[in-house]
Amino acid sequence: MAKVGGLRLRGWFLLGLVTVVALAATGVWNPFPTLWDWVDRSEPISEPDVVWQQRVGGTPRSVTIAGDTVVVEQRTRVEARSLATGAQLWDRKADWAAVAGADRDAVVAVGKLLSKGYELLDPATGATRRRDAQAVAVWTYRNLLLDARCLEATDCTLSAWDPRGTEPLWTAFLPGVSAGFLADNPDLRGTRRLSSPRVDGGVAGPESAPPLLGFPVDGRVHVVDTATGRVLQNVEPGRDERLAVIGGRMLRMRAVGQDGVCAFTLTGYDPGTGREVWRRTGINPRTADSAGCVQREDPQGARNVLLGVAPDGREAVVDGYDGRLLQVNAEGERLVAVDDRYALVRTADRRSIAARELGADRTRWTRAVGEGGGALTPYAAVLAQEKPNRLIALDPRTGRELVVLRTSAKALAVGPAGMVIGEGREIGYVRFGAGGAGPGAPAGPPPGGGDDGVPGPGSSGGVPDGGGDPGGDDPCGPKRELCPEPGGKDG
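What comes next is a walk through the structure. Keep in mind the model is a prediction, meaning the values are calculated, not measured.

Attention now moves to the sheet that holds strand β27 (residues 342-346). Strand order across the open sheet formed by four strands is β26-β27-β28-β29, with antiparallel pairing between neighbours. Both outer strands of the open sheet, β26 (334-338) and β29 (362-368), are each paired with one neighbouring strand and no more. On average, each strand axis in the sheet is inclined to that of its neighbour by 25°, with strand direction left out of account.

Below, the discussion takes up the pattern of salt bridges. Summed over all chains, the structure comprises 34 salt bridges. The shortest N-O distance in the salt bridge between Glu276 and Arg279 comes to 3.0 Å. Three or more residues are tied together by salt bridges with common partners; here these are Arg193, Glu207, Arg303 and Asp340.

The subject of this paragraph is the pairing of strand β5 (residues 88-93). The sheet contact formed by strand β4 (residues 77-82) and β5 spans five bridges and is antiparallel. Looking across to β5, one finds that Ala80 is bridged to Trp90. Where β4 folds back on β5, the antiparallel hairpin that results is connected by five residues, among which Gly86 adopts a positive phi of roughly 85°.

The next point concerns the packing of aromatic side chains. Within a pair of aromatic rings, the relevant descriptors are the distance that separates the centres and the angle that separates the planes. Per the counting criterion, the structure on display carries two aromatic pairs. Plain terms: the ring middles of Trp139 and Phe215 are 5.3 Å apart, the flat faces sit at 85° to each other, and that makes the pair edge-to-face. Of the two residues, Trp139 sits in strand β10 (residues 135-140) while Phe215 sits in strand β15 (residues 212-217), which places them 76 residues apart along the sequence. The burial state of Trp139 is the same as that of Phe215; both residues are buried. One Lys or Arg, Arg249, reaches over the ring of Tyr321 and ends 4.0 Å from the middle of that ring.

The next point concerns the side chain of Asn329. Looking at the element boundaries, Asn329 is found in the loop between β25 (325-328) and β26. Looking at Asn329, the relative accessible area reads 0%, which means it is buried. At 3.1 Å, the side chain of Asn329 forms a polar contact with the side chain of Gln327. Excluding residues within four positions of it along the chain, Asn329 makes contact with Arg314, Glu315, Arg334, Leu335 and Val345.

Time to look at the nonpolar core. Membership of the largest hydrophobic core comes to 21 residues, with the highest contact counts inside it found for Val414, Met419, Ile421 and Phe432. Listing elements by their share of this core, those giving two or more residues are β31 (381-385), β32 (390-394), β33 (401-406), β34 (410-414) and β35 (418-423). Looking at this core element by element, the count peaks at three residues for β33. Filtering out sequence-adjacent residues up to four positions away, Met419 remains in contact with Leu391, Ala393, Val403, Leu405, Ala413, Val414, Gly428, Tyr429, Val430 and Phe432. Formed by 19 residues, the second largest nonpolar core is a distinct cluster that contains Ala137, Leu144, Leu188 and Leu213.

The three strands lie next to each other as β15-β16-β17, forming an open sheet whose pairing is antiparallel. The open sheet has two free edges, formed respectively by β15 and β17 (231-235), since each of these has just one partner strand. Going across the sheet, the axis of each strand differs from the next one's by a mean of 20°, ignoring polarity. Alignment of β15 against strand β16 (residues 220-225), held across six bridges, turns out to be antiparallel. Within the sheet, the bridge partner assigned to Val217 lies in β16 and is Arg220.

The next subject is a nonpolar patch on the surface. On the surface, Phe13, Leu14 and Leu17 cluster together into a nonpolar patch covering about 320 Å² of accessible area. As for its placement among the helices and strands, Phe13 is situated in helix α1 (residues 2-25). Judged by relative accessible area, Phe13 falls into the exposed class, the value being 58%.

The rules behind the values
- Residues numbered from 1 in each chain as written.
- Predicted model: local features only at pLDDT ≥ 70, side-chain atom pairs only at ≥ 80, totals over all residues.
- Heavy atoms only, no water.
- Pairing = 2+ DSSP bridges.
- Helix = DSSP H or I, 4+ residues; strand = E, 2+ residues; numbered from the N terminus.
- Axes fitted to C-alpha atoms, helices over the stretch in contact; angles between N-to-C directions.
- Salt bridge = Lys/Arg side-chain N within 4 Å of Asp/Glu carboxyl O.
- Phe/Tyr/Trp six-rings, centres within 6.5 Å; stacked < 30°, edge-to-face > 60°.
- Buried < 20%, exposed > 50% of the residue type's maximum accessible area, 1.4 Å probe, protein only.
- Lys NZ or Arg CZ within 6 Å of the ring centre and 35° of its normal.
- Polar contact = N/O pair within 3.5 Å; in protein donor to acceptor, adjacent residues only side chain to side chain.
- Contact = heavy atoms within 4.5 Å.
- Core = buried A, V, L, I, M, F, W, Y, C linked by side-chain atoms within 4.5 Å.
- Patch = residues over 30% accessible without salt bridge, like charges linked within 9 Å, V, L, I, M, F, W, Y side chains within 5 Å.
- Areas by Shrake-Rupley, 256 points an atom, 1.4 Å probe, with all protein chains shown as cover.

Here it is, written out as structure tokens:
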């Protein structure tokens, strides 16, 4: 009897399934789209909820806010979505993608690996604005796009373009880049940013091109002026040196083993004249690994500043242009993020993060935040807290809350009025002013420093020109932290 009952149940099930299929085929009733929407429905990735949330085709490699669009780079595709609604505007196959330009003047450079050439696309429509068939590498900035093309391995040309321009601004000869440079934004000799697990390294979007760039070619560094295209220096580092181009200067970082430790000397040169401008000893720029004094890494830093460690273990921020000590941490404090205006510092008690104005010996604000990291962007300081999980965006100058989210997602991109967060294939956009800040209070551009808050060389740390920073040029630091007491042993 049980067997008969089972057969009867399966018969009814098959009859019902056939009936549903017949109704769907004739257009009378189709439950499958609704059923699939229910199965595929995503849980909100934050609380409060984002303005919109979408599932993209693959895990994002980079996300950039470009005017009214969000450009999402994936492993083999790139797509753009509306910043207002999240609706897909276009997508296409590409092995790499990078955004150049600012706001509504931005373009998207796309290309294929191991293939020459690239295309520049309009972020809103995906239409091709310019096509190149010969370039082997592209560097993208807020105000400039650079590409390199090679007739032979030792005969290469570097060209600079306005992001939406059709003719190069200048061209320069480089004796070979094809072997070491490929695709978008290959590494140059500069600084590497402090990282945070839940804040993407490109969260700030493209930055303005620095005044000088250092191109490593065949063991030498070619220093190029980004305003004129002049190659100012062609330098080979010494056996115990590493070269970097930071803040309009060429830096030689020398590391020599002494008594079981590495003794560092940092020297800044004017690349136009080759003249030594500044020198510091005893600051470890963290360019050498623990196995010895061989320097394999660029120093940590951002824009015009680099980070180092004083002999007593305290972290310091050094102006790459003139060698000033812009910030020296107290004992037990750790740098979380830095640009050339502010530094985010984890306090010694590990309970708070403080924003310090570089070069001014001033704490702008302090925020109680549990373990986690953060980043500085032109529009917001982003803090990522663990246990409980939070993403917090604050005005970098005042500490005013822009948004507080309960989420385990990652901060992917920050724009003038909000940020994109993501977890797996899910991305969403939140406007500043939700979840803590006053209603409709978007973050404005940073005060001073031009359109994106980038000071020129020699004006790091937000100190106005001619503003009279007391003690700003003191080689001992803002509080004479690195100098001995009077009568003590000369360091």
